[in-house]
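# A closer look at the structure
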Amino acid sequence: SISSSLYSFASFMARGVKSHVVEVVKAVPELLGEDTETTELLNPTDDRPLSIAERDAIILMKAYCPRQSTPDSIVGQCLAKGFGRCISSSPPVLTVDGVARGTDSRLAQNGMEAFGIPNSVRRIMLENAREYHTVIANCPTMSMDDLIKTMKENILSEDLLVRLLKWYPKYARLNNPRRDKSVRLKEVVRYRREKDSKGEESSDAEVHQLDSVFYFAPHRMNKKLPLPESVFPQSLIGSIGLRTLEDRHFNDWFQPLPFDIWTGFISEHPCMKNGHEKDDAMRILVLVTLSKHFDSLESATAKRRFVELLPLSSPCIPFDKPSASTKTAVPNELYLPDTDLSVFSGLQTFYKASKRLKKEGVSDAFLLAMGVRKSIKIEFLFLHLDTLQWNENPK
């Protein structure tokens, strides 16, 4: 409550203050970034005109701020603190959620106000009565604790999630938050997907945890490839930007998807396990991707370990049947496309890996490592020694 004498004094000092009400907050130089987006993220646009209640609040708050009468601002601050001690409880301020005690309100900090921190003070209000907010009402500035609490109590839209992920590295560069606060923030963020993996409108009402996302797909990975649930959806990466996720302030949040982890995932994917014709295009894309990685490995040990992750016992290699569409078989049941098996014609039907694989870029070395054959099994030769047509030509 405000004493009658203090209120009378405030009313007296409020005379002639109306002409000094600031209508628009100018961009603060220290908040300006290297580009327009950075500036907006750290200094969110707030162009809503002042309401009647806000104008009246500004005039009243200005009344409690002594006008400077000496060159030294400390004099005014001491007077302001004196006025503050005359009030039995924390002085009230006007926030976006209504009137609140100064200690319960929060002053904006580097764009954090865009995420719905309760009882935040508009920057235009602070600009008009800064001494009242900071000295008399002693309003605290928003902190990581406030943001964590707000994220814990709310579910973000996809747009707000994108803004949070774009904003955080820029905020962290300015404020250097503690590592445990950063990790805790990721743990509490929840959101709803508005677009599916194909970028189309999603009807998915499921709430997702950001803490369940550990990786993002590297730029060299084809965007059409299936990804584990622990990887950022490509539709979101397109909105956020890969460079943002690669920022050092996200090192504890996300890492590039290790190829071995993706290989283990794709080896169990239906396109590599079931051999369905409808998955033919995706299966070939996967084999091309696996082949390129295999060929890039230098040591025999690395190649051997990589092959151990592949679906060697699944019908994942397509082959061409003369009278039918492409089928699939287990690798060790097929031969390389260029293998000459004419000498064994009539003894058994042999199937070769589809020529399309070689055309798309799957190497013979990769197919051989998976178990595709280059020559006839020795057991088959011994079994049919008496039926083969022999001649004296050593070739």
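Here's what I pulled together on the structure shown here.

Reading guide: rules and limits
Residues numbered from 1 in each chain as written. Predicted model: local features only at pLDDT ≥ 70, side-chain atom pairs only at ≥ 80, totals over all residues. Heavy atoms only, no water. Helix = DSSP H or I, 4+ residues; strand = E, 2+ residues; numbered from the N terminus. Buried < 20%, exposed > 50% of the residue type's maximum accessible area, 1.4 Å probe, protein only. Areas by Shrake-Rupley, 256 points an atom, 1.4 Å probe, with all protein chains shown as cover. Salt bridge = Lys/Arg side-chain N within 4 Å of Asp/Glu carboxyl O. Axes fitted to C-alpha atoms, helices over the stretch in contact; angles between N-to-C directions. Parallel < 35°, antiparallel > 145°, perpendicular 65-115°, else oblique. Left-handed = near helix turned anticlockwise from the far one by under 90°. Contact = heavy atoms within 4.5 Å. Nonpolar A, V, L, I, M, F, W, Y, C, P; charged D, E, K, R; others polar. Expected span 1.5 Å × (residues − 1). Core = buried A, V, L, I, M, F, W, Y, C linked by side-chain atoms within 4.5 Å.

### Quick word on the overall build of the chain
Each helix and strand counted, the chain has 18 helices and 10 strands in total. Taken across its 395 residues, the chain has 44% of its residues classed as buried. For the chain, the exposed area adds up to about 22,300 Å²; of that, 51% sits on carbon and sulfur atoms.

### Remarks on the pattern of salt bridges
Once the charged atoms of two side chains with opposite charge are near each other, the side chains can pair. Tallied over the entire structure, the rule returns 19 salt bridges. Between R48 and E54 there is a salt bridge, with the nearest N and O atoms lying 3.0 Å from each other.

### With respect to the packing of helix α7 (residues 144-153) against helix α9 (residues 179-188)
Between α7 and α9, the shortest axis-to-axis distance is 8 Å and the interhelical angle comes to 15 degrees. In terms of their interaxial angle, α7 and α9 are classed as roughly parallel. Considering only the axes of α7 and α9, their crossing is left-handed. Of α9, the residues touching α7 (which contributes M144, D145, L147, I148, M151 and K152) are K181, S182, R184, L185 and V188. When grouped by side-chain class, the residues that make up the contact of α7 with α9 number six nonpolar, one polar and four charged.

### Here we look at helix α14 (residues 280-296)
The end-to-end C-alpha distance of α14 is 25 Å, a good match for the 24 Å that 17 residues give at a rise of 1.5 Å each. All of the buried residues in α14 are D280, R283, I284, V286, L287, V288, T289, L290, S291, H293 and F294.

### Digging into the nonpolar core
W167, F232 and F254 are the most contacted members of the largest nonpolar core, which totals 35 residues. When residues of this core are traced back to their parent elements, those giving at least two are α2 (36-42), α7, α8 (158-175), α9, α10 (234-240) and α11 (242-245). Of all the elements, α8 adds the most residues to this core, at eight residues. By size, the runner-up hydrophobic cluster in this structure holds 34 residues, among which are W262, I266, L336 and A353.

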